[in-house]
Amino acid sequence: MESTLALLLLGLADAALSATFNVTVNASGGHAMPSTLYGLMYESGDGGLYAELLQNRAFQQVTPGTSAALNAWSALGAHLNFRALPNSLSFVVSSGTTGTVGVANSGYFGIKVDSTWTYTGSFYYRFPSPPATQISGTFTIGLRNSAGTTLVSTTASFTSSAGWKHVTFNFKPSATQTAATNSFFVSTNGATIAGQTMEFALFSLFPPTFKDRANGMRLDISQALLDMKPAFFRFPGGNNLEGQTVASRWLWSNTVGSLLDRPGRVGDWSYINTDGLGIYEYLQWIEDMGMEPIMAVWAGYTLDGTSQPESSLAPYIQQAIDQINFVIGDASTNAQAAIRAAMGHPAPFTLRYVEIGNEDNFAASSYSSYRWHDFYGNLSAAFPQIHFIATSATSGNVPSLSPAPTYWDLHIYSNPNFFRTGCYNFDILPRNGLQFFQGEYAVTRTDSGGTMAYPTIDGAVAEAAYMTGFDRNSDIVFAASYAPLLNHINSTQWTPNLVSFSPNTLIKSTSYYVQQMFGVYKGDAYLTSTTNSASSAVQWSVTRNTAANQIYLKAINTATSANTVVFNLPFTILSTAGTGTVLSAAAGTMNTPTSPNAAVPRSFTFTAGTTITYNAPALSASVLIVSAR
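Residues numbered from 1 in each chain as written. Predicted model: local features only at pLDDT ≥ 70, side-chain atom pairs only at ≥ 80, totals over all residues. Heavy atoms only, no water.

Turning our attention to the environment of Leu225. With respect to the helices and strands, Leu225 occurs in helix H2 (residues 219–226). The sequence separation of Leu225 and Lys508 amounts to 283 residues, and the corresponding C-alpha distance is 9.9 Å. (Helix = DSSP H or I, 4+ residues; strand = E, 2+ residues; numbered from the N terminus.)

With that settled, consider the sheet that holds strand S12 (residues 182–189). Spatial ordering of the open sheet is given by S4-S7-S12-S9-S10, a layout of 5 strands whose pairing is antiparallel. Edge positions in the sheet fall to strand S4 (73–76) and strand S10 (150–159), since each has one partner strand and no second. Sheet twist, expressed as the average angle between the axes of neighbouring strands with direction ignored, equals 20°. Pairing geometry for S4 and strand S7 (residues 100–105), over 4 bridges, is antiparallel. Directly across from Trp73, in S7, lies its bridge partner Asn105. (Pairing = 2+ DSSP bridges. Axes fitted to C-alpha atoms, helices over the stretch in contact; angles between N-to-C directions.)

Turning our attention to the pattern of salt bridges. If you walk through the whole model with that rule in mind, you get 15 salt bridges. The partner of Lys112 in a salt bridge is Asp114, and the shortest N-O contact between them spans 3.9 Å. Overall, Lys112 belongs to the partly exposed group, its relative accessible area being 22%. The network of salt bridges with common partners includes Arg234, Glu355, Asp409 and Glu440. (Salt bridge = Lys/Arg side-chain N within 4 Å of Asp/Glu carboxyl O. Buried < 20%, exposed > 50% of the residue type's maximum accessible area, 1.4 Å probe, protein only.)

Consecutive residues of a regular strand have side chains that alternate between opposite faces of the sheet. Among the 8 residues that make up strand S28 (residues 550–557), 7 are buried, leaving the element largely enclosed by the rest of the structure. Examined bridge by bridge, strand S27 (residues 538–545) and S28 share 8 bridges and lie antiparallel to one another. Bridge assignment links Arg544 to a residue of S28, and that residue is Ile551. What sits between the antiparallel neighbours S27 and S28 is a turn of 4 residues, in which Asn549 has the positive phi angle 55°. With 8 bridges joining them, S28 and strand S33 (residues 620–627) adopt antiparallel strand pairing. Considered in S33, the bridge of Lys554 is made with Val623.

Quick look at the side chain of Ser620 now. Structurally, the position occupied by Ser620 is in strand S33. Within polar-contact distance, the side chain of Ser620 engages the backbone oxygen of Pro617 at 2.6 Å. (Polar contact = N/O pair within 3.5 Å; in protein donor to acceptor, adjacent residues only side chain to side chain.)

It is at 7 Å that the axes of helix H5 (residues 314–328) and helix H6 (residues 335–343) come closest, and there the two elements cross at 40°. Relative to H6, the element H5 lies oblique. When you trace H5 past H6, the crossing you get is right-handed. Of the residues in H6, those in contact with Asp322, Asn325, Phe326, Val327 and Ile328 of H5 are Gln336, Ala337, Ile339, Arg340 and Met343. Residue composition of the contact of H5 with H6, grouped by class: 6 nonpolar, 2 polar and 2 charged. (Parallel < 35°, antiparallel > 145°, perpendicular 65-115°, else oblique. Left-handed = near helix turned anticlockwise from the far one by under 90°. Contact = heavy atoms within 4.5 Å. Nonpolar A, V, L, I, M, F, W, Y, C, P; charged D, E, K, R; others polar.)

Among the structural elements, Asn532 can be located in the loop between strand S26 (525–527) and S27. Within the local environment of Asn532, its side chain forms a polar contact with the backbone oxygen of Val538, the two atoms lying 2.7 Å apart. Within the structure, the side chain of Asn532 is placed 3.0 Å from the side chain of Gln539, a separation counted as a polar contact. Leaving out residues up to four positions away in the same chain, Asn532 has contacts with Tyr424, Val538, Gln539 and Trp540.

Set out below in structure tokens:
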């Protein structure tokens, strides 16, 4: 919604203007901003970023014969006994059965039905003990609603065969459904297979994906993230890298090749990771999104507190070397790189940053005494062109390591007050060549200690104040990413999250809009201005987009009353038509499933000049764009 600055000022006429902040921008000084400054961090994609619609599609990491092994599956029709086998589903059809029999999958808490989409899918089937006389029949495959009404379907023929046969299909619904309480089904005539046992394996159903990639990513989530203009993507974790045990750690080689050959793993938040979203799919999507990876390698520590002894590290170091070779190795000479080429990417991917572990300073003794030393020493010798990042715990403290790292990953979760007053934390650090990655940060609780289901405007604006410190200190802060990134509203392990979703909805949080503001209006140079203090209710940042001849004036007001910011610019103004974006709302406002747009940015215009007076609303993050050089 457009408004003029005059209208904006009129709307604030009754608000108490607590103070005026005069900001004089310097004509010289400042520094270049790293291209990597703002990006994304992620850990596990099933049911979200990874576009696969069927949950428990391949019965991975389940205990056969248990009801839990049949999670998301149900039987269609009577006289049917079905159970999960290792990586397959068996059902027995009683003799004399008539009518429709089959199986249904409820997806990840529902399946979106969209008439503009063509869905593609597949599954494997066999008759483990085929009858002497061959049976021929027809599968009906489709989507149905919670009342059992078929919404779309197609057919595929089958014959009784002891060997596995592969069925592929596609269908396009004729009508979009408002509700997502739909399920996928495969059925057939019970009389045709009465008295027989059939087995199914690796079901799959995909909607259209980002960039039309096979085995790809969800469209709306990808687009929402792309709209943030992220520069990098940190993967595969995070805690999901480490595993609860050594056996359940993330291992790159288990995530490549055919989906039939990926065993999956028990993830660190109680659900199965199919690893359909493997290292290759991550890297291809990162490339499609115009980002670069910050990739982690496992460093000998698991979440049960176990550190591998130094004498046992050699094979794990080799696995890390192999993982990096998969990404950047020469496919003509390296076996791991040849796997990448066979999957469809002969040329190396981009890889400049590799993180050794995740929050490994929770096991500070082993990390500082030998794990960092051994991993860094071997990996930097093998790949001297790569920047290796050390990890801390979640305190933000920088422990002592040898050899001394030149890149550090720091993680901070706290309340709004910490972020409001912590925006000068990096200003006091020496400029000694050490570079920082704020790999995880977020307001996760209120100032009084209360929990938050979704990010609040109070927290988002406090994060914005903190982020002005990233801009100002981007000579030593080379990257920063909010965490966690995504959350399925029907299966939540951690709150709050940047983006929440269901099968047919997407909720951008207040924090999302702050991250988007800083990503889109980052610029390539930081410009120095009047010095502020951590106790100030208003924080600011001034950056330049040199190619576009634009100056970005960010004004963050953490107070519950409006404040005035006066920017004095030493530039030649190219146009008096200024534009701006502001995010503001009443204290406690959250974007939720019932109110997804409670706080969204609004646009305004103003008259640009060498002096610009801006009344920053209470609890607001604003950016003013000025054409100047």
